[in-house]
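Each chain, letter by letter, is given below.
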Amino acid sequence: GQGDQALEFYRKSLAIRVELCRGNPQSADFAHDLAVCFERMGDLHFGLGHGDQTMEFYAKSLAIAEELHRRNPQSADFARDLSVSYDKMGDLHRGLGHGDQALEFYGKQLAIAEELHRRYPQSADFGRDLAVIHLRMGALHLGLGQGGQAQDFYQKSLAIAEELHRRNPQSADFARDLSVSYDRS
């Protein structure tokens, strides 16, 4: 069906992106595009229930994101891309019931989100990223039977969500985020 057609298109896109990277190994843009393609292939396989293929593509995307961040440590964009890769791996491991691995990836995502929020305190996007990872960490800890730790993360998420909503009262997204934080706190 449509999943097979999407896989075929992504495979064609992937082949082009691999060749572009081979021909331009120093190009951060081409490497980033390849990482995004691997991530999308992983997302598609995730949606189709193909856990092994999901892991394979997410791992490839993560490796590129780590390398781009290593080569460009001051780039907020590459740091955020790496954070997204950690999020994908954390979600996958959480879904597979691998709580310790999920905690490891979410912990790495949290460290990046905290650093970006510290460097760019007025960025609503980075603030939201931090609030969301606190929610994810709370849910994971709750699922692991660690209610106290879950509550700590939920409270941190709530504080950020309240601040974002206060600074952006007309934003429906921030109002929704605040309501989700209230639900969890």
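Residues numbered from 1 in each chain as written. Predicted model: local features only at pLDDT ≥ 70, side-chain atom pairs only at ≥ 80, totals over all residues. Heavy atoms only, no water.

Caption draft 1: View of the confidence of the model for the chain. The share of residues in the chain with pLDDT of 70 or more is 99%, and the mean pLDDT across the chain is 94. Across the chain, the element-wise mean pLDDT spans from 89 in helix α1 (residues 2–23) up to 97 in helix α5 (residues 99–119). (pLDDT = per-residue confidence, 0-100. Helix = DSSP H or I, 4+ residues; strand = E, 2+ residues; numbered from the N terminus.)

Caption draft 2: Seen up close, helix α4 (residues 76–95). Here α4 is 20 residues long and its end C-alpha atoms lie 28 Å apart, about the 28 Å a rise of 1.5 Å per residue gives. Trailing α4 by a residue or two, G97 shows a phi angle of about 80°, which is positive. (Expected span 1.5 Å × (residues − 1).)

Caption draft 3: Representation of the packing of aromatic side chains. Within the structure shown, the criterion is met by three aromatic pairs. With 6.1 Å between their ring centres and 35° between their planes, F38 and F57 make a pair best called tilted. Of this pair, F38 sits in helix α2 (residues 28–47) while F57 sits in helix α3 (residues 51–71); the two residues are 19 residues apart in sequence, bridging distant segments of the chain. In this pair, the class of F38 matches that of F57, namely buried. Here the aromatic rings of Y86 and F105 are separated by 6.2 Å at their centres, their planes lie at 35°, and the arrangement is tilted. Of this pair, Y86 sits in helix α4 while F105 sits in helix α5; the two residues are 19 residues apart in sequence, bridging distant segments of the chain. (Phe/Tyr/Trp six-rings, centres within 6.5 Å; stacked < 30°, edge-to-face > 60°. Buried < 20%, exposed > 50% of the residue type's maximum accessible area, 1.4 Å probe, protein only.)

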